[in-house]
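# Structure assessment
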Amino acid sequence: MIEAKNGTCAVVIVAAGSGERLGHGMPKAKVPLGGEPMLAHAVRGVVQAGVAGHIVIAVPAGDDELRELCQILAAEVGEDTGLAWSVVDGGADRSASVRAALEMLGDAVTTVLIHDAARPLAPSGVFDRVTAALRDGAKAVIPALAVVDTIKTVVPAGLPNTGAGVERVSGTPARNRLRAVQTPQGFELATLRKAHAHAATLDAAAAAEITDDAMLVEAIGEDVYVVQGSTHSLKITTPTDLLLAEAMLAGPLRPRWVEG
Ligand code: C5P
């Protein structure tokens, strides 16, 4: 039985996406990984990390199957750990799902980690690094990895002779300053609430451009700190990602992955 370490820290797991890019015709959180729904792995990973006293899971509105799965997982952990559980209906976009989950948090909670169910294999080491940075005074902290590809910015363009619609490079940021950002992202709760209050006023087009919570905190002028992420925290978006995650879970690749 795992003991909840910190009643003032909550973890939100957002699992209310449609998962269309994975092509399984079901919400991504339900897609099987190692014979179990992806959400089960994500939730167990959060429980094992042992950083939080309250877990809030956002599921697609009206999805009774995922709600039932959450109940089963809560029962698996047991009631005597003091770990509080809530399940909420997610919103139309990721930020709306986060906001719905934040509403469940009580006054005792001072810090919150926001984690994508789509990163079901994020290791405990990442949760530890994020919470350690929060303890050391960061109001916002994200795990990230250096990028290996050269990244370009592009604009829509037509080819010179035909006008055929393609894209044209508009810039090449220095690769050594770029980071690929993951979850769990950690925040002082008051700071994240302030950032989301601002986000709630955005129109649908602007809201669709919000891809993580740190963006919102940057927008209100707070410093966002970066700690080391993990290759295990890969975001499962395409069938190729799912293959890789299956291989990681099955074991043969494990010895070659040295990060925590
Ligand atoms: O769509 P994307 O892969 O960027 O989603 C990242 C995470 O946000 C996923 O875990 C997904 O379930 C969640 N999400 C959500 N509510 C939405 C859209 C996405 O909880 N409306």
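A brief structural summary. What you are looking at is a predicted structure, and each value in this text was computed from that prediction instead of being measured. (Residues numbered from 1 in each chain as written. Predicted model: local features only at pLDDT ≥ 70, side-chain atom pairs only at ≥ 80, totals over all residues. Heavy atoms only, no water.)

By volume, the largest pocket is sized at about 660 Å³. Looking at the largest pocket, it is lined by 23 residues, and the ones nearest its centre are Gly17, Ser18, Arg21, Arg94 and Lys235. Within the residue set of the lining of the largest pocket, elements represented by two or more residues are α3 (94–102) and α6 (204–208). For the lining of the largest pocket, the per-class residue count stands at 10 nonpolar, six polar and seven charged. (1 Å grid on protein atoms, 1.4 Å probe; cavity = no way out; pocket = protein on both sides within 12 Å on 5 of 7 lines; lining within 4 Å. Points joined across faces, edges and corners; volume = space filled by probe spheres on them. Helix = DSSP H or I, 4+ residues; strand = E, 2+ residues; numbered from the N terminus. Nonpolar A, V, L, I, M, F, W, Y, C, P; charged D, E, K, R; others polar.)

Okay, the packing of α3 against helix α5 (residues 189–199) next. Interhelical geometry of α3 versus α5 gives an angle of 135° and a closest axis separation of 11 Å. Between α3 and α5, the interaxial angle falls into the category oblique. Remark: the crossing between α3 and α5 carries left-handed chirality. Contact residues: Ser95, Val98, Arg99 and Leu102 in α3; Leu189, Leu192, Arg193, His196 and Ala199 in α5. Considered class by class, the residues forming the contact of α3 with α5 number five nonpolar, two polar and two charged. (Axes fitted to C-alpha atoms, helices over the stretch in contact; angles between N-to-C directions. Parallel < 35°, antiparallel > 145°, perpendicular 65-115°, else oblique. Left-handed = near helix turned anticlockwise from the far one by under 90°. Contact = heavy atoms within 4.5 Å.)

Once that is clear, we can look at the side chain of Asp212. When you line up the elements, Asp212 lands in the loop between α6 and α7 (213–219). Despite its burial, Asp212 pairs with no opposite charge; the closest candidate is Arg94, at 6.7 Å N-O. A polar side-chain atom of Asp212 sits 2.8 Å from a polar atom in the side chain of Gln185. Leave out the neighbours within four places in its chain, and Asp212 touches Arg94, Val181 and Gln185. (Buried < 20%, exposed > 50% of the residue type's maximum accessible area, 1.4 Å probe, protein only. Lys, Arg positive; Asp, Glu negative; His and termini not counted. Salt bridge = Lys/Arg side-chain N within 4 Å of Asp/Glu carboxyl O. Polar contact = N/O pair within 3.5 Å; in protein donor to acceptor, adjacent residues only side chain to side chain.)

Let's shift gears to the pairing of strand β5 (residues 84–89). Of the pairings in the sheet, the one linking strand β4 (residues 54–59) to β5 comprises six bridges and is parallel in character. The residue of β5 that forms the bridge with Val56 is Ser86. (Pairing = 2+ DSSP bridges.)

A few words now on the nonpolar core. One broad rule of soluble globular proteins: the nonpolar side chains tend to lie buried together. Ranked by internal contacts, the top residues of the largest apolar core, which has 34 residues, are Ile13, Leu39, Ile57 and Leu113. Those elements that place two or more of their residues in this core are β1 (9–14), α1 (38–49), β4, α2 (64–77) and α4 (124–135). Of the residues forming this core, the biggest block, seven residues, is contributed by α1. Those residues in contact with Leu39, other than ones at most four positions away along the chain, are Ile13, Ala15, Ala29, Ile57, Leu66, Leu69, Cys70, Leu73 and Ala117. If you look at the next biggest cluster of nonpolar residues, it comprises 22 residues, including Val12, Ala58, Ile210 and Leu216. (Core = buried A, V, L, I, M, F, W, Y, C linked by side-chain atoms within 4.5 Å.)

Right, let's get into the site of the ligand. Around the ligand, a shell composed of 15 residues is seen, among which Val14, Ala16, Gly17, Ser97 and Lys235 lie nearest. Between the ligand and Ala92, the relevant distance is 3.5 Å, taken from a nitrogen atom to a main-chain nitrogen or oxygen of the residue. At 3.2 Å from an oxygen atom of the ligand is found a main-chain nitrogen or oxygen belonging to Ala117. The protein chains hide 83% of the 450 Å² of surface that the ligand would expose on its own. When atom positions are compared with the pocket grids, the ligand is found to occupy the largest pocket. Per-class residue counts for the shell around the ligand are six nonpolar, three polar and six charged. (Near = heavy atom within 4 Å. Areas by Shrake-Rupley, 256 points an atom, 1.4 Å probe, with all protein chains shown as cover. Sits in = over half its atoms within 2 Å of the grid points.)

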